[in-house]
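Structure assessment
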Amino acid sequence: MNADKSAPVEYKGMLEHVDQDLELDFIREFSTAGELLNLSVDNRRERIRVAIYTQKLPHMLFRDGPMTYAEAYAECFGRPLEMRRTVRHQPQPEATESPASEIVSAPEISLSRVGY
């Protein structure tokens, strides 16, 4: 498969494109005892992302080529290196009033600790 072609991979109901040649280069670089090969695409991508950050490689050239590790990761997985595996959404309270007008009281147990 050419480096410029991506292989479609079924992923949790969504179709995602992963460049298998670049992914294999990442696996060769970061895998120990073939452990990355036994993981799902999502877990493998996350481990590669963490390895790039822990080894401080985002701005270094990937395999002495024209791309940095961050650019190669984005090319391979179709998402920027900064994007985590899952997005953690904070539940939004149903606001009927503006947050500035809300009064928040401390729990009684914390007030008893300071002598109130």
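Read on for a plain summary of the structure. Residue numbers run consecutively from 1 along every chain, following the written order of its sequence. A pLDDT threshold of at least 70 governs which residues receive local features in this predicted model, and a stricter bar of 80 or more applies before side-chain atom pairs are shown or counted, although totals over entire chains, interfaces and linings include all residues. To get the side-chain values, take all heavy atoms of the structure and skip hydrogens and water.

A closer look at the packing of helix H1 (residues 20–30) against helix H2 (residues 41–54)
- Axis definition: a line fitted to C-alpha atoms, limited for helices to the stretch in contact. Angles are taken between N-to-C directions and run from 0 to 180 degrees. We count a stretch as a helix when DSSP gives it H or I for four or more residues in a row; a strand needs E for two or more, and each element gets its number in order from the N terminus. In contact at an axis separation of 11 Å, H1 and H2 are set at 60 degrees when each is read in the N-to-C sense. Considering their axes alone, H1 and H2 lie oblique with respect to each other. When the axes of H1 and H2 are compared, the crossing they make is left-handed. Facing H1, whose interface residues are Glu23, Phe26, Ile27 and Phe30, H2 presents Arg44, Ile48, Ala51 and Ile52.
- Gly is put with the polar residues, along with every residue not named as nonpolar or charged; the nonpolar set is Ala, Val, Leu, Ile, Met, Phe, Trp, Tyr, Cys and Pro, and the charged set is Asp, Glu, Lys and Arg. Tallied by class, residues from the contact of H1 with H2 come to six nonpolar, no polar and two charged. With respect to orientation, any angle under 35 degrees is reported as roughly parallel, any angle over 145 as roughly antiparallel, any angle of 65 to 115 as roughly perpendicular, and every other angle as oblique. Here a crossing is taken to be left-handed if its near helix is turned anticlockwise relative to the far helix by less than a right angle, and right-handed if that turn runs clockwise. Two residues form a contact once any of their heavy atoms are found within 4.5 Å.

Side note on the nonpolar core
- Joining through side-chain atoms within 4.5 Å is the link that ties buried Ala, Val, Leu, Ile, Met, Phe, Trp, Tyr and Cys residues into a set, and such a set is a nonpolar core. Residue exposure (1.4 Å probe, protein chains only): buried if accessible area is under 20% of the type maximum, exposed if over 50%, otherwise partly exposed. Ranked by internal contacts, the top residues of the largest apolar core, which has 19 residues, are Phe26, Phe30, Ile48, Ile52, Tyr69, Tyr73 and Phe77.
- Going through the elements one at a time, H1, H2 and helix H3 (69–77) are the ones with two or more residues in this core.
- Residues contacting tyrosine 69, with those up to four places away along its chain left out, are Phe26, Glu29, Phe30, Ile52, Leu57, Pro58, Met60, Leu61 and Phe62.

What to know about the packing of aromatic side chains
- In this analysis, rings of Phe, Tyr and Trp, with Trp reduced to its six-membered ring, are considered paired at centre separations within 6.5 Å, and the interplanar angle assigns stacked below 30 degrees, edge-to-face beyond 60, and tilted for intermediate values. The final tally for this structure, using the stated rule, is seven aromatic pairs.
- Between phenylalanine 26 and phenylalanine 62, the aromatic rings sit 4.7 Å apart at their centres with planes inclined by 35 degrees, giving tilted as the arrangement. Here phenylalanine 62 lies in the loop between H2 and H3 and phenylalanine 26 lies in helix H1, a separation of 36 residues in the sequence. One exposure class covers both phenylalanine 26 and phenylalanine 62, and it is buried.
- Pairing phenylalanine 26 with phenylalanine 77 gives two aromatic rings, centres 6.4 Å apart and planes at 20 degrees, and the pair type is stacked.

Distances and angles like these do not, on their own, reveal function.
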